[in-house]
Amino acid sequence: MEISQDEIFILDPDMVVSQPAGTPPGMPDLVVEQASGISDWWNPALRKRMLSDSGLGMIAPYYEDSDLKDLSHSRVLQSPVSSEDHAILQAVIAGDLMKLIESYKNGGSLLIQGPDHCSLLHYAAKTGNGEIVKYILDHGPSELLDMADSETGETALHKAACQRNRAVCQLLVDAGASLRKTDSKGKTPQERAQQAGDPDLAAYLESRQNYKSHAFAKLPAGRWNP
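Predicted model only: the values in this text are computed from it and were never measured.

Secondary structure summary: the protein contains 10 helices and 2 strands in total. Sequence-ordered secondary structure for the protein, helices as α and strands as β, is β-β-α-α-α-α-α-α-α-α-α-α. Partitioning the contacts of the protein with sequence separation of at least 6, the portion at a separation of at least 24 is 69%. Split by element, the accessible area of the protein, about 12,200 Å² in all, is 52% carbon and sulfur.

Spelled out as structure tokens, the structure:
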């Protein structure tokens, strides 16, 4: 909101999203329902997705560069403490969305880890439960999106790609997941998909990476000046 002497100007997020700068490549066999409405604008993960799709906010993918500070570990995962924390962990592992929602509303944390030090988003991405992935993205902190597994260095997108979970991969990419971040073996999610025997998924991930790189390259030189 910008206030001038006699007038008030309000930027409508829906109007911004309705004028995309370009259409990113997609997977024709995947349809992911996306939330809409002004209330969604205040959710960091959804706002990031809206800005990316609209062509504004293209800076998001470039937090991936090795010369920039890694923002994915500014919060530390904790082992489950309360009964609700344990219930959330079990719900995610079992794929029980309703139990997850109930436990979270009762005070459970989405910043907990399992016995193998994986985040809840790692578990959901690996099992391929898109509804749980979306719930965690909508309600959890943005750090979870590119948080690396402490043992393998894999992000949630790596794990989804390894299991060839296409719909989950699309959800994560639309939320702004890094396409260039590498695991402990130096592999990107696209390379993991290729190794897993899914060339179509690998091609999709590569096309999205190329699209974001091309879109960033076309921006005016002074756009990111403070």
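Here we take up the environment of Ala 193. With respect to the secondary-structure elements, Ala 193 resides in helix H9 (residues 189-195). On the basis of relative accessibility, which here comes to 0%, the residue Ala 193 falls in the buried class. If we ignore the near neighbours within four places in the chain, the residues touching Ala 193 are Ala 161, Asp 198, Leu 201, Ala 202 and Leu 205.

Attention now moves to helix H3 (residues 83-94). The end-to-end C-alpha distance of H3, which contains 12 residues, comes to 16 Å, matching closely the 16 Å that a straight helix rising 1.5 Å per residue would cover. Restricting attention to buried positions, one finds in H3 the residues Asp 85, Ala 87, Ile 88, Leu 89, Ala 91 and Val 92. On its buried side, H3 packs onto helix H4 (97-105), helix H5 (120-127) and helix H6 (130-139). A positive phi of about 75 degrees marks Gly 95, the residue just after H3.

Membership of the largest hydrophobic core comes to 42 residues, with the highest contact counts inside it found for Val 92, Leu 100, Leu 172 and Leu 205. The contact partners of Leu 100, leaving out residues within four places of it in the chain, are Ile 88, Ala 91, Val 92, Leu 110, Ile 132 and Tyr 135.

Let us now look at the pattern of salt bridges. A complete count under the given rule lists 7 salt bridges for this structure. The salt bridge involving Arg 166 is made with Asp 200; its shortest N-O contact spans 3.6 Å. Placement of the pair is Arg 166 in helix H8 (residues 166-174) and Asp 200 in helix H10 (residues 199-217), with a sequence separation of 34 residues. For Arg 166, a relative accessible area of 22% puts it in the partly exposed group. Across the salt bridge formed by Asp 183 and Arg 192, the nearest N and O atoms sit 2.8 Å from each other. Across the pair, Arg 192 and Asp 183 agree in class, each one buried. Beyond isolated ion pairs, a larger network of salt bridges with shared partners links Asp 149, Glu 154 and Lys 159.

The subject of this paragraph is the packing of H6 against H8. For the pair H6 and H8, interaxial distance at closest approach is 9 Å and the crossing angle is 15 degrees. The orientation of H6 with respect to H8, classified from their angle, is roughly parallel. Pair H6 / H8 crosses with right-handed handedness. Here Gly 130, Val 133 and Leu 137 of H6 lie close against H8, whose contacting residues are Val 168, Leu 171 and Leu 172.

Feature annotation in UniProt places "repeat: ANK" (unreviewed entry) on residues 116-140 and 152-184, given in this structure's numbering. For residues 116-140, the end-to-end C-alpha separation is 20 Å, with 72% helix and 0% strand making up the annotated structure. Taken end to end, residues 152-184 is 48% helix and 0% strand, and its first and last C-alpha atoms sit 6 Å apart.

Overall, the coordinates contain 0 disulfides when judged by the stated rule. For Cys 162, which is in no disulfide, the shortest distance to another cysteine sulfur is to Cys 169 and amounts to 9.1 Å.

Let's shift gears to the packing of H5 against H6. Their axes nearest at 8 Å, the elements H5 and H6 cross at an angle of 155 degrees. Judged by the inter-axis angle, H5 sits roughly antiparallel to H6. Between H5 and H6 lies a crossing of left-handed hand. Where H5 abuts H6, its residues Leu 120, Leu 121, Ala 124 and Ala 125 lie against Ile 132, Val 133, Ile 136 and Leu 137. Of the residues contributing to the contact of H5 with H6, the split by class is 8 nonpolar, no polar and no charged.

Procedures and definitions
- Throughout this document, residue positions are counted from 1 along each chain, in the order its sequence is written.
- pLDDT decides what is reported in this predicted model: residues at 70 or higher carry local features, side-chain atom pairs at 80 or more are listed and counted, and totals for whole chains, interfaces and linings draw on all residues regardless.
- Note that the side-chain values use all heavy atoms of the structure and ignore hydrogens as well as water.
- Numbering of helices and strands runs from the N terminus, with a helix taken as a DSSP run of H or I at least four residues long and a strand as a DSSP run of E at least two residues long.
- Throughout, a residue-residue contact means that at least one pair of heavy atoms, one from each residue, lies within 4.5 Å.
- Computed with a 1.4 Å probe, the accessible areas rest on the Shrake-Rupley method; for each residue, only the protein chains presented here act as cover.
- The buried label goes to any residue with under 20% of its type's maximum accessible area, the exposed label to any with over 50%, and the partly exposed label to all in between, with areas taken from a 1.4 Å probe on protein chains only.
- To estimate the expected span of a helix, count its residues, drop one, and scale the result by 1.5 Å.
- In plain words, nonpolar cores are sets of buried Ala, Val, Leu, Ile, Met, Phe, Trp, Tyr and Cys residues tied together by side-chain atoms within 4.5 Å.
- The term salt bridge refers to a pairing of a side-chain nitrogen on Lys or Arg with a carboxyl oxygen on Asp or Glu at a separation within 4 Å.
- Think of each axis as a best-fit line through the C-alpha atoms, taken over the contacting stretch in the case of a helix, with angles from 0 to 180 degrees between the N-to-C directions.
- An angle below 35 degrees is treated as roughly parallel, one above 145 as roughly antiparallel, one from 65 to 115 as roughly perpendicular, and anything else as oblique.
- A crossing counts as left-handed when the near helix is turned anticlockwise from the far one by less than a right angle, and as right-handed when that turn is clockwise.
- UniProt positions are given in the numbering used here, feature names are shortened, and annotations may be inferred rather than shown by experiment.
- Here, a disulfide means two cysteine sulfur atoms that sit within 2.5 Å of each other.
- Polar here means any residue outside two lists: the nonpolar Ala, Val, Leu, Ile, Met, Phe, Trp, Tyr, Cys and Pro, and the charged Asp, Glu, Lys and Arg; Gly therefore counts as polar.

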